[in-house]
Amino acid sequence: MININEEYINQLAPNQSAVTNGWGLVKKNKFVKLNISEDGTIIFGECSGSGSSNYNTSADFIKPESPVFRCSCPSRQFPCKHALGLMYAYVSGKSFEKAEVPQDILEKREKIEKKEQKKKEKEQEQPEPKKVNVSALKKKIKTQVEGLEILEKLICSIVQNGLGTINKKTVALLEDQAKQLGNYYLSGSQAALREFIYLFTEDENHEKVYTHASDLLSRLYALCKKGKEHLLKKLESGDLAPDSSSSIEESLGYTWQLNELKNQGLVKNDIELIQLAFTSFTSIPRGEYVDNGIWFNLISGEVYNTYNFRPFKAVKYIREDDSVSKVLMIKELYTYPTTDLNCRVRWENNDMRDACLEDFLKIRSFAKESFSEAVKLIKNQIKNPLSDKSPVMLLRFSRFGMVDDEFVIEDQAGQRLVLEKPENEYLPEGINILKLLKPQMLKDQVMLLRFWHDMDKRRLIAAPLSLITDNRIIRLGF
């Protein structure tokens, strides 16, 4: 028997349109045949479409942890709306008639089994050391150093001339410089420079963006200094392997592969994660949509980030992430190099279970009790120019209310934090939802907060994301 539900299928969908279209096929009774194999491991059927013949589609769960979807339609989305519709029909209780699995599917199954067997045999063999082209790698690093030197001169020129001198002509020149950085293997620096340029592309009072622009210039300058120092040290020592002790490689533009993270020991086994918050936003300067999930490790109490980047040009072919309410059980959790409070993580496969009261109590037990201790940790991270400037943390608070027209939370020692939503940020208005909750729900609770340092107001900002009670997670917006 295939054990799936609607939430599981939604996670498989490449985007929300595919979910809507998949359900549309079921509601319009487009499936002319619905079948299930004798052993209950595969569902398959025929769906009428725009073509002259029906589309043959299937969902193979012979290996539940890695299902295989097939369809004769021309769609490049995976799984397509027909495969999704087939699964939605199954979970909605439609009648599936038992039938023999089509021969073409059996043949494809056999090919996959042979391929996996060869892979296992190859893994058991003694792997040959991967040959590294030292000369090419040194050349690449020297090119990166050269690019950072060019970027440093550009930043110094901007500072010397002043932000007030930036006009359309300057923006055009900067955009050209940003484009050229791609030739120096510095995609991270290139993205940061484009973010800076974007601040000056709108016809508005530039004084509104000077604070943010100054912060980005400081980050770019630090990246040039620390990046050059890091790369020159690699050349001098002869150890050209990517550094897994910090995020400097990723800041410069290095893309970590999962096998590299595993070889560096950056993998945790048998982990359970529960999602505390989720949001999607658009990054115009980087030309991509970003799905950001915040997760709690039920084993260690760590709070993680996941990022799903969907470039505008390829958005149709990359599955959109969504919010998840269940607990994910993960065999191998890959962690990215960082010294920040919230590590970025990834995984390939997972099982799911329903969240229980014990899970919510576990989350609450790891929340920071002291605001002053939490603020100290946050400030230590924020003052590092290359660190994440908007970390998240779980805090326990005693009371929630208003002081001098500002919403605040207070810990047991009487320390207070002001809650607000930063301007021009993608976060929802969580405070408005808090105001709707009953007063007794806002006493002795745990809150997930995202922090910023507001340079104009010269203070730390705490934006509420979620409220964690004894029996549920209340998300304060999506």
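Everything below is about the structure printed above this text.
All of the points below concern the structure found in this document. The structure displayed is predicted, hence computed values, not measured ones. Sequence order as written defines the numbering, with residues in each chain counted from 1. Predicted model: local features are reported for residues with pLDDT of at least 70 only, side-chain atom pairs are reported and counted for 80 or more only, and whole-chain, interface and lining totals are derived from all residues. Calculation of side-chain values draws on the structure's entire complement of heavy atoms; hydrogens and water are dropped beforehand.

### Quick notes on the overall build of the chain
- Elements are defined by DSSP. Helices are runs of H or I of four residues or more, strands are runs of E of two residues or more, and each kind is numbered from the N terminus. When you go through the chain residue by residue, the secondary structure sums to 13 helices and 18 strands.
- Overall, the C-alpha framework of the chain stretches about 75 × 65 × 50 Å when taken along its three principal axes.
- Counting over 478 residues, the chain shows a buried share of 44%.
- Every residue pair with non-hydrogen atoms within 4.5 Å of one another is taken to be in contact. Taking the intrachain contacts of the chain between residues at least 6 apart in sequence as the baseline, contacts between residues at least 24 apart amount to 62%.
- Here the chain has roughly 26,600 Å² of accessible surface; of this, 48% comes from carbon and sulfur atoms.
- With 69 positive and 67 negative side-chain charges, the chain shows a separation of 3 Å between the mean positions of the two kinds. Only protein chains enter the accessibility calculation, which uses a 1.4 Å probe; a residue is then buried when its area is under 20% of its type maximum, exposed when over 50%, and partly exposed in between. Using the Shrake-Rupley algorithm and a 1.4 Å probe, accessible areas are obtained, with residue cover drawn only from the displayed protein chains. Charge assignment: positive for Lys and Arg, negative for Asp and Glu; neither His nor the chain ends contribute. By convention, the charge on Lys lies at NZ, on Arg at CZ, on Asp at CG and on Glu at CD.

### Structural notes on the pairing of strand E1 (residues 31–36)
- Relative to strand E2 (residues 42–47), E1 runs antiparallel, the two being bridged by five bridges. Bridging across to E2, Ile 36 finds its partner in Ile 43.
- Taken together, E1 and the strand that follows it, E2, pair antiparallel across an intervening segment of five residues, in which Gly 40 is found at a positive phi of about 70 degrees.
- Bridge count for E1 against strand E5 (residues 97–98) is two bridges, and the pairing is parallel. Counterpart to Ile 36 in the pairing with E5 is Lys 98. Paired strands, as defined in this entry, are two strands with at least two bridges between them according to DSSP.

### Describing the packing of helix H5 (residues 134–161) against helix H7 (residues 187–198)
- Fitting a line to C-alpha atoms yields each axis, with helices limited to the stretch in contact; the angle taken between N-to-C directions then spans 0 to 180 degrees. It is at 12 Å that the axes of H5 and H7 come closest, and there the two elements cross at 20 degrees. Judged on the interaxial angle alone, H7 and H5 are roughly parallel. When you trace H5 past H7, the crossing you get is left-handed. Taking contact as the criterion, the partners of Leu 148, Leu 151, Leu 154 and Ile 158 in H5 are, on H7, Ser 189, Leu 193 and Phe 196. Between 65 and 115 degrees an angle is taken as roughly perpendicular, under 35 as roughly parallel, over 145 as roughly antiparallel, and anywhere else as oblique. For a crossing to be left-handed, the near helix must be turned anticlockwise from the far one by less than a right angle; the clockwise case is right-handed.

### Things to note about the packing of H7 against helix H8 (residues 210–237)
- Running from N to C, H7 and H8 point in directions that differ by 160 degrees, and their axes come no closer than 9 Å. As far as their axial angle goes, H8 and H7 are roughly antiparallel. With respect to the hand of their crossing, H7 and H8 are arranged in left-handed fashion. Two secondary-structure elements touch here, H7 through Ser 189, Ala 192, Leu 193, Glu 195 and Phe 196 and H8 through His 212, Ala 213, Leu 216, Leu 217, Leu 220 and Leu 223.
- When its residues are assigned to classes, the contact of H7 with H8 shows eight nonpolar, two polar and one charged. By the convention adopted, Pro, Cys, Tyr, Trp, Phe, Met, Ile, Leu, Val and Ala count as nonpolar, Lys, Arg, Asp and Glu as charged, and the other residues, Gly among them, as polar.

### Focus on the side chain of Ser 37
- Note that Ser 37 resides in the loop between E1 and E2.
- Contacts described as polar in this section are N or O atom pairs within 3.5 Å, which, within protein, must combine one atom able to donate a hydrogen with one able to accept it, while residues neighboring in sequence count only if both atoms come from side chains. A polar side-chain atom of Ser 37 sits 2.6 Å from a polar atom in the side chain of Asp 39.
- For Ser 37, the contacting residues outside a window of four places in its chain are Ile 42, Phe 44, Ala 99 and Val 101.

### So, the packing of aromatic side chains
- Between the rings of Phe, Tyr and Trp (Trp by its six-membered ring), a pair exists once the centres lie within 6.5 Å; its type follows the angle of the planes, with under 30 degrees stacked, over 60 edge-to-face, and the other angles tilted. On inspection of all chains with the given rule, the structure shows 12 aromatic pairs.
- Ring geometry for Tyr 307 and Phe 309: centres 5.9 Å apart, planes at 15 degrees, overall stacked.
- Given a relative accessible area of 26%, Tyr 307 falls into the partly exposed group.
- Linked through ring pairs, Phe 61, Phe 69 and Phe 78 together constitute an aromatic cluster.

### Concerning the pattern of salt bridges
- A pairing counts as a salt bridge when a side-chain nitrogen of Lys or Arg comes within 4 Å of a carboxyl oxygen of Asp or Glu. For the structure on display, the rule yields 24 salt bridges.
- Of the charged contacts, one joins Lys 234 and Glu 249 as a salt bridge, the two residues approaching to 3.1 Å between their closest N and O atoms. Taken together, the residues span a long stretch of sequence, with Lys 234 in helix H8 and Glu 249 in helix H9 (residues 248–252) at a distance of 15 residues.
- Lys 234 sits in the buried class, given a relative accessible area of 8%.
- A salt bridge links Lys 268 to Glu 302; the nearest nitrogen and oxygen atoms lie 3.8 Å apart. Residue Lys 268 is located in strand E6 (residues 267–283), and its partner Glu 302 is located in the loop between strand E7 (288–297) and strand E8 (303–311); the two are separated by 34 residues in the primary sequence.

### Some words on the nonpolar core
- The definition of a nonpolar core used throughout is a set of buried Ala, Val, Leu, Ile, Met, Phe, Trp, Tyr and Cys residues joined through side-chain atoms within 4.5 Å. Core analysis: the largest hydrophobic core is formed by 34 residues, its most contacted members being Leu 151, Ile 158, Leu 163, Leu 193, Phe 196 and Phe 200.
- Listing elements by their share of this core, those giving two or more residues are H5, helix H6 (168–181), H7, H8 and H9.
- With eight residues, the single largest contributor to this core is H8.
- Not counting chain neighbours up to four residues away, the residues in contact with Leu 151 comprise Leu 181, Ser 189, Leu 193, Leu 220 and Cys 224.
- Cys 73, Ala 83, Met 87 and Tyr 90 belong to the second largest nonpolar core, which has 30 residues in total.

### Some details on the environment of Arg 286
- Relative to the helices and strands, Arg 286 is located in the loop between E6 and E7.
- In this structure the C-alpha to C-alpha distance between Arg 286 and Gly 49, which are 237 residues apart in sequence, comes to 37 Å.

### Side note on the side chain of Glu 410
- Looking at the secondary structure, you find Glu 410 in strand E14 (residues 406–410).
- Residue Glu 410 is classed as buried on the basis of its relative accessible area, which comes to 11%.
- At 2.7 Å, the side chain of Glu 410 forms a polar contact with the side chain of Arg 399.

### Observations regarding the sheet that holds strand E4 (residues 68–71)
- Read from one edge of the open sheet, five strands run E4-E3-E2-E1-E5, paired in mixed fashion. Sheet topology places E4 and E5 at the edges, where each strand pairs with a single neighbour.
- Helix H3 (residues 81–91) rests against E1, E2, strand E3 (55–60) and E4 of the sheet, and its axis sits at about 60 degrees to E3.

### Regarding helix H2 (residues 16–27)
- Helix length check: H2, at 12 residues, gives a terminal C-alpha distance of 17 Å against a target of 16 Å (1.5 Å per residue), a fit within 8%.
- Buried within H2 we find Ala 18, Val 19, Gly 22, Trp 23, Gly 24, Leu 25 and Val 26.
- Elements that come into contact with the buried residues of H2 comprise helix H1 (6–12), E1, E2 and H3.
- With a side-chain oxygen positioned 3.2 Å from the backbone nitrogen of Ser 17, the residue opening H2 is Asn 15.
- Two residues or fewer after H2 comes Asn 29, characterised by a positive phi angle close to 55 degrees. What a helix should span is 1.5 Å times the count of its residues minus one.

### Here's the deal with the environment of Glu 116
- You can see Glu 116 is positioned in helix H4 (residues 103–124).
- Taking the C-alpha atoms as reference points, Glu 116 and Pro 74, 42 residues apart in sequence, are found 27 Å from one another.

### Digging into the environment of Ser 214
- Examined against the element boundaries, Ser 214 turns out to sit in helix H8.
- Here Ser 214 falls in the partly exposed class, since its relative accessible area comes to 31%.
- Taking C-alpha positions, Ser 214 is 8.5 Å from Leu 163, a pair spaced 51 residues apart along the chain.

Purely geometric numbers; function is a separate question.
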